[in-house]
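Next come the chains, spelled out residue by residue.
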Amino acid sequence: MTDTKPAARPAIARRGLLYILSSPSGAGKTTLARRLLAEDPNITMSVSVTTRKPRPGEIDGKDYVFVDHASFEGMRDEGALLEWARVFDNYYGTPAAPVAAAIEAGKDVLFDIDWQGAQQLSEKMPGDVVRVFVMPPSGRVLEERLRTRAQDPPDVVARRMAEAAGEISHWPEYDYVIVNADVEESVRSVSAILAAERLKRGRLLGLSSFVRDMQNSL
Ligand code: 5GP
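Model, not experiment: these values are computed from the prediction. (Residues numbered from 1 in each chain as written. Predicted model: local features only at pLDDT ≥ 70, side-chain atom pairs only at ≥ 80, totals over all residues. Heavy atoms only, no water.)

(A) Geometry of the site of the ligand. Lining the immediate surroundings of the ligand are 18 residues, of which Ser48, Arg52, Tyr64, Tyr92 and Asp112 lie closest. Between Thr94 and the ligand, the recorded distance is 3.5 Å, taken from a side-chain N or O atom to an oxygen atom. One nitrogen or oxygen atom from the side chain of Asp114 is found 2.8 Å from a nitrogen atom belonging to the ligand. If the ligand stood free it would expose 510 Å²; the protein chains cover 95% of that surface. Of all elements in the fold, only strand E5 (81-87) and strand E6 (90-95) reach the threshold of two or more residues within the shell around the ligand. (Near = heavy atom within 4 Å. Polar contact = N/O pair within 3.5 Å; in protein donor to acceptor, adjacent residues only side chain to side chain. Areas by Shrake-Rupley, 256 points an atom, 1.4 Å probe, with all protein chains shown as cover. Helix = DSSP H or I, 4+ residues; strand = E, 2+ residues; numbered from the N terminus.)

Right, here's the structure in full:
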């Protein structure tokens, strides 16, 4: 009888990548991030440190690590942050240690950070970043989403609409742009981008020894 089982795929060591999602608030990137994390065991979320107050339902240590200004400045000055930025009067930053550990272990890290953070990570680790900008389908839809999210007072919504224009102006700095009109389609897009980026030759650290062994066996 012929054996129809597919050949076992050899494990080729891979360096993890930094998967950055940026968008104006309300464009839907948090939903996309959650879906990706739920569906893919090999990617973990980078939990940022922030001086912003928690919103209802947000959990310290899961959504953010909520700190006061002095603690934030302490971490920043010690060099414990891979990048940091001021957004809407608050400070946000990415703790460096978990990121280094994850990518060395071949795990990918997902970032929900703004254009300033994306720029800093691109400068520090150019070969490791994959940048995706999530665009709302229209200004009207963005405003509606910000209003119905109902977690921020109206003056904050108005301010976030004004800030959206600034964030959107950075779209050419990203590798991919997804117009998030349909969540399911956008989830498929972020997964497809990740799948393709994982296969890039430069990330497959074990590829040359794999090919050498293969050539020796020919
Ligand atoms: P929010 O207050 O709505 O959670 O986040 C506000 C903005 O800050 C979002 O655009 C979000 O992507 C960005 N942000 C969150 N964490 C970080 C971070 O660690 N670094 C940077 N640069 N931006 C962040």
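We are not done yet, so read on.
(B) Molecular detail of the side chain of Thr50. When you line up the elements, Thr50 lands in strand E3 (residues 49-50). With a relative accessible area of 0%, Thr50 lands in the buried category. Apart from residues no more than four positions distant in its own chain, Thr50 is found in contact with Tyr64, Val65, Phe66, Val67, Asn90, Tyr91 and Tyr92. (Buried < 20%, exposed > 50% of the residue type's maximum accessible area, 1.4 Å probe, protein only. Contact = heavy atoms within 4.5 Å.)

(C) Looking closely at the packing of helix H5 (residues 139-149) against helix H6 (residues 154-168). Interhelical geometry of H5 versus H6 gives an angle of 150° and a closest axis separation of 10 Å. Handedness of the crossing formed by H5 with H6: right-handed. For the pair formed by H5 and H6, the contact residues are Gly139, Leu142, Glu143, Leu146, Arg147 and Arg149 on the first element and Val157, Arg160, Met161 and Ala164 on the second. Counted by class, the contact of H5 with H6 contains 5 nonpolar, 1 polar and 4 charged residues. (Axes fitted to C-alpha atoms, helices over the stretch in contact; angles between N-to-C directions. Left-handed = near helix turned anticlockwise from the far one by under 90°. Nonpolar A, V, L, I, M, F, W, Y, C, P; charged D, E, K, R; others polar.)

(D) How the structure looks around the nonpolar core. Of all hydrophobic cores here, the largest spans 21 residues; its most connected members are Tyr19, Leu21, Leu36, Leu110 and Val190. Mapped onto this core, the elements with two or more residues apiece are strand E1 (18-22), helix H1 (29-39), strand E8 (129-135), H5, H6 and helix H7 (183-198). With 4 residues, the top contributor of residues to this core is H7. Judged by nonpolar contacts, the second largest core, of 16 residues, contains Ile20, Val99, Phe133 and Met135. (Core = buried A, V, L, I, M, F, W, Y, C linked by side-chain atoms within 4.5 Å.)

(E) Structural detail: the pairing of E6. For E6, a buried count of 6 out of 6 residues is recorded, marking the element as mostly surrounded by other parts of the structure. Here E6 shows no split at all, with Asn90, Tyr92 and Thr94 on one side and Tyr91, Gly93 and Pro95 on the other all buried. The sheet contact formed by E3 and E6 spans 2 bridges and is antiparallel. Residue pairing across strands places Thr50 opposite Tyr92, the latter belonging to E6. As paired strands, E5 and E6 are joined by 6 bridges and run antiparallel to one another. Of the residues in E6, the one forming a bridge with Leu81 is Pro95. If you look at the hairpin formed by E5 and E6, you'll find 2 residues sitting between the two strands, and Phe88 has a positive phi there, around 45°. (Pairing = 2+ DSSP bridges.)

(F) Highlighting the packing of H1 against H7. The geometry of H1 relative to H7 is characterised by a closest axis approach of 10 Å and an angle of 60° between their N-to-C directions. Judged by the angle between their axes, H1 and H7 are oblique. Like other packed secondary-structure pairs, H1 and H7 cross with a definite hand, here right-handed. For the pair H1 and H7, contact is made by Thr31, Leu32, Arg35, Leu36 and Glu39 and by Val183, Glu184, Ser186, Val187, Val190, Ser191 and Leu194, respectively. (Parallel < 35°, antiparallel > 145°, perpendicular 65-115°, else oblique.)

(G) Examining helix H4 (residues 115-124) more closely. Gly117, Ala118, Leu121 and Ser122 are the residues of H4 that are buried. Taken around the axis of H4, the buried residues stretch over an arc of 135°, which confines them to a single face. Where the residues of H4 are buried, they touch E1, E5, strand E7 (108-112) and E8. (Arc of directions from axis to C-beta.)

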